[in-house]
Amino acid sequence: MALADAPLPTSESVSKDAATRVDLEIIADLVTPGSRVLDIGCGDGALLALLEQRRQVDGRGMELSQPGVNECVARGLSVIQGDADRDLVHYPDDAFDYVILSQTIQATRNPKLVLSELLRIGNRAIVSFPNFGHWSIRYWVALRGRMPVTRNLHQAWYDTSNIHFCTIRDFVALAEEVGATVETAMALNSTGQRIGMQLPWAFWNLFGQQAVFVLKR
């Protein structure tokens, strides 16, 4: 398989968030303007705010932490507190055009169930995650004999909320297992920018620090 291609937030606040996470701009560009969007694990609402400002989406969010929900509400975003592992079952089939899970799947207790629910709720699922197959992580484990602490995995193993690390190839296998079609996929570098070449999965598994997938049923 080959890679394919309060008040509303101000432009200033959106630009500041986007500068912190370049990958958010890449995800935003994958969403059709005017779509119905659910952002799972939306954090402080940076992506949801960007989508509403740039793509004029009808956006909703779910966030586990109360401080995150409070920050989203302060931005004027429609966000509820919820747990992806338990609460997605309450959404009806085909409720959204896109369901987004950005840098969150590795923190869920049952990634397979969560991914299946994303594909049930939305016509398409956009999933991004840190790639545990990157060469720098292999170096940490193989030569140092320790769990890695890197730019994208910046917490020690005993502090991180990540409980199910995966590689790009692991995720491709999971998508196939739940019957999803990979519509678009890309590998990102350490700053969240797209690595712009079409190469086999094994190459991206070694050199991509992050990945973004668009899946459909």
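### Considering the nonpolar core
Link 1 in the chain: By size, the foremost hydrophobic cluster in this structure holds 33 residues, and its most contacted members are Ile40, Leu88, Leu118, Phe129, Phe171 and Phe213.
Link 2 in the chain: Listing elements by their share of this core, those giving two or more residues are strand 1 (36-40), strand 4 (96-102), helix 6 (111-121), strand 5 (122-130), helix 8 (168-177), strand 6 (181-188), helix 9 (201-207) and strand 7 (210-216).
Link 3 in the chain: Here Phe213 is in contact with Ala125, Ile126, Val127, Phe129, Ile168, Phe171, Val172, Val182, Thr184, Ala185 and Trp201, once residues within four sequence places are set aside.
Link 4 in the chain: Core analysis: the second largest hydrophobic core is formed by 18 residues, Val57, Ile100, Ile126 and Val212 among them.

### Some thoughts on unusual backbone geometry
Link 1 in the chain: Unusually for a residue other than glycine, Gln56 sits at a positive phi of about 50 degrees.
Link 2 in the chain: In this fold, Gln56 is placed in the loop between helix 3 (46-54) and strand 2 (58-63).
Link 3 in the chain: Positive phi, close to 55 degrees, is recorded for Asp94, a residue that is not glycine.
Link 4 in the chain: By the secondary structure assignment, Asp94 is in the loop between helix 5 (84-87) and strand 4.

### Considering the state of the cysteines
Link 1 in the chain: With the rule as written, the count across this model stands at zero disulfides.
Link 2 in the chain: Cysteine Cys72 is unpaired, with the sulfur of Cys42 as its nearest cysteine sulfur at 3.9 Å.
Link 3 in the chain: According to the relative accessible area criterion, Cys72 is buried, its value standing at 0%.

### Overview of the packing of aromatic side chains
Link 1 in the chain: Tallying each qualifying case throughout the model produces seven aromatic pairs.
Link 2 in the chain: When the ring of Phe171 is compared with that of Phe213, the centres are 4.9 Å apart and the planes differ by 50 degrees; the resulting orientation is tilted. Of the two residues, Phe171 is situated in helix 8 and Phe213 in strand 7; the sequence distance between them amounts to 42 residues. Each of the two residues, Phe171 as well as Phe213, counts as buried.
Link 3 in the chain: Here the aromatic rings of Phe203 and Trp204 are separated by 5.2 Å at their centres, their planes lie at 85 degrees, and the arrangement is edge-to-face.
Link 4 in the chain: Taking the relative accessible area as the measure of exposure, Phe203 reaches 30% and is therefore partly exposed.
Link 5 in the chain: A connected cluster of aromatic rings, assembled from ring pairs, spans Phe129, Phe171 and Phe213.

### Focus on a nonpolar patch on the surface
Link 1 in the chain: A cluster of nonpolar side chains, contributed by Trp135, Tyr139, Leu143, Phe203 and Phe207, occupies part of the molecular surface with about 520 Å² of accessible area.
Link 2 in the chain: Looking at the nonpolar patch, the elements that each hand over two or more residues are helix 7 (135-144) and helix 9.
Link 3 in the chain: With three residues, the top contributor of residues to the nonpolar patch is helix 7.
Link 4 in the chain: Along the chain, Phe203 falls in helix 9.

Conventions and cut-offs
Residues numbered from 1 in each chain as written. Predicted model: local features only at pLDDT ≥ 70, side-chain atom pairs only at ≥ 80, totals over all residues. Heavy atoms only, no water. Core = buried A, V, L, I, M, F, W, Y, C linked by side-chain atoms within 4.5 Å. Buried < 20%, exposed > 50% of the residue type's maximum accessible area, 1.4 Å probe, protein only. Helix = DSSP H or I, 4+ residues; strand = E, 2+ residues; numbered from the N terminus. Contact = heavy atoms within 4.5 Å. Disulfide = S-S within 2.5 Å. Phe/Tyr/Trp six-rings, centres within 6.5 Å; stacked < 30°, edge-to-face > 60°. Patch = residues over 30% accessible without salt bridge, like charges linked within 9 Å, V, L, I, M, F, W, Y side chains within 5 Å. Areas by Shrake-Rupley, 256 points an atom, 1.4 Å probe, with all protein chains shown as cover. Salt bridge = Lys/Arg side-chain N within 4 Å of Asp/Glu carboxyl O.

Function cannot be inferred from these measures alone, as they are strictly geometric.
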